[in-house]
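Understanding the architecture of this molecule
Read off the chains here:
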Amino acid sequence: SELAARVAQRQAEEFEELSSIFKAMDEDGSGKLSREEMLSQSTKRKVRQKLRALDVLPKDLEQLWDILDDGDGELTAEEFTGGMKRLRGEAKSKDMLRLYRELEMLEGSIVVMTDDILASQDKMTNVRLHLQRTKMDITALQRTLARAKEAMKAAAMTQAVA
């Protein structure tokens, strides 16, 4: 139908627009972007204008890279165009589910870290108590040694007089 044809036409135009931006940033023509390449090319007026048309500002580029990169340190044209389409469109339920799972994992990590912190605090409290006891024992030992020294002096004096 006509509506489907218009949607398909808009998708094709969007793909071409995103591909054009990718090609403009792909300085070496390798078909892949590194973080450095993306950041350096984004300073060029033509690239900045195209990114601005997508509501991507220079200050957003680091975060954009972190969102689009799959961890291998480079973006293919497919990763760039697909990621940008997802960013421009509404979140899909599978994206929301993935984010929910990641959030649950992060919450679990926070619980584990909190437990570890509490256990460490307990251990530090025990160490502090042991140190206080040791300090008291050292003070008592110093007093005992001082008394023993005085007793030795008195005994030596007594033997010297006798």
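Notes on the structure in this doc start here.

The rules we used
- Residues numbered from 1 in each chain as written.
- Predicted model: local features only at pLDDT ≥ 70, side-chain atom pairs only at ≥ 80, totals over all residues.
- Heavy atoms only, no water.
- Helix = DSSP H or I, 4+ residues; strand = E, 2+ residues; numbered from the N terminus.
- Rg over C-alpha atoms; globule rule 2.2 N^0.38 Å.
- Buried < 20%, exposed > 50% of the residue type's maximum accessible area, 1.4 Å probe, protein only.
- Areas by Shrake-Rupley, 256 points an atom, 1.4 Å probe, with all protein chains shown as cover.
- Lys, Arg positive; Asp, Glu negative; His and termini not counted.
- Charge placed at Lys NZ, Arg CZ, Asp CG, Glu CD.
- Core = buried A, V, L, I, M, F, W, Y, C linked by side-chain atoms within 4.5 Å.
- Phe/Tyr/Trp six-rings, centres within 6.5 Å; stacked < 30°, edge-to-face > 60°.
- Salt bridge = Lys/Arg side-chain N within 4 Å of Asp/Glu carboxyl O.
- Contact = heavy atoms within 4.5 Å.
- Polar contact = N/O pair within 3.5 Å; in protein donor to acceptor, adjacent residues only side chain to side chain.

**A word on the overall build of the protein**
The number of helices and strands found in the protein is 6 helices and 2 strands. In terms of C-alpha radius of gyration, the protein reaches 35 Å, well past the compact-globule figure of 15 Å for 162 residues. In the protein, which comprises 162 residues, the proportion classed as buried is 17%. Put simply, the protein shows about 12500 Å² of open surface, and 59% of that area lies on carbon and sulfur atoms. Computed over 27 positive and 30 negative side-chain charges, the inter-centroid distance for the protein is 8 Å.

**A closer look at the nonpolar core**
Of all hydrophobic cores here, the largest spans 17 residues; its most connected members are Met25, Met38, Phe80 and Met84. Elements with a minimum of two residues in this core: α1 (2-25), α3 (45-53), α4 (61-68) and α5 (77-88).

**Remarks on the packing of aromatic side chains**
Under the definition given, this model contains 1 aromatic pair. Ring centres of Phe22 and Phe80 lie 5.8 Å apart, and the angle between their planes is 45 degrees; this geometry places the pair in the tilted category. One end of the pair, Phe22, is in helix α1; the other, Phe80, is in helix α5, with 58 residues separating them in the sequence. For Phe22, a relative accessible area of 3% corresponds to the buried category. Its relative accessible area of 0% is what places Phe80 among the buried residues.

**Topic: the side chain of Glu79**
Topologically, Glu79 is positioned in helix α5. Despite its burial, Glu79 remains without a salt bridge, the nearest opposite charge being carried by Lys32 at 8.0 Å. Excluding residues within four positions of it along the chain, Glu79 makes contact with Leu68, Asp70, Asp72 and Glu74.

**A few points about the pattern of salt bridges**
Across all of its chains, the model carries 6 salt bridges by this definition. Arg35 is the partner of Asp66 in a salt bridge, and the nearest nitrogen-oxygen pair spans 2.8 Å. Pair noted here: Asp66 is in helix α4 and Arg35 is in helix α2 (residues 35-41), with a separation of 31 residues, a long-range link. Ionic pairing is found between Lys59 and Asp60, a salt bridge with its closest N-O pair at 3.8 Å. On the accessibility criterion, Lys59 (67% relative accessible area) is exposed. On the accessibility criterion, Asp60 (23% relative accessible area) is partly exposed. One salt-bridge network, in which partners are shared between bridges, spans Arg35, Glu62 and Asp66.

**Comments concerning the side chain of Ser42**
You can see Ser42 is positioned in the loop between α2 and α3. Within polar-contact distance, the side chain of Ser42 engages the backbone oxygen of Leu39 at 2.6 Å.

**Considering the environment of Arg35**
Classification of Arg35 as partly exposed rests on a relative accessible area of 23%. With 34 residues separating them along the chain, Arg35 and Asp69 place their C-alpha atoms 8.9 Å apart. Once residues lying within four places of it in the same chain are set aside, the contact partners of Arg35 are Glu62, Trp65, Asp66 and Gly73. A polar atom in the side chain of Arg35 sits 2.4 Å from the side chain of Glu62.

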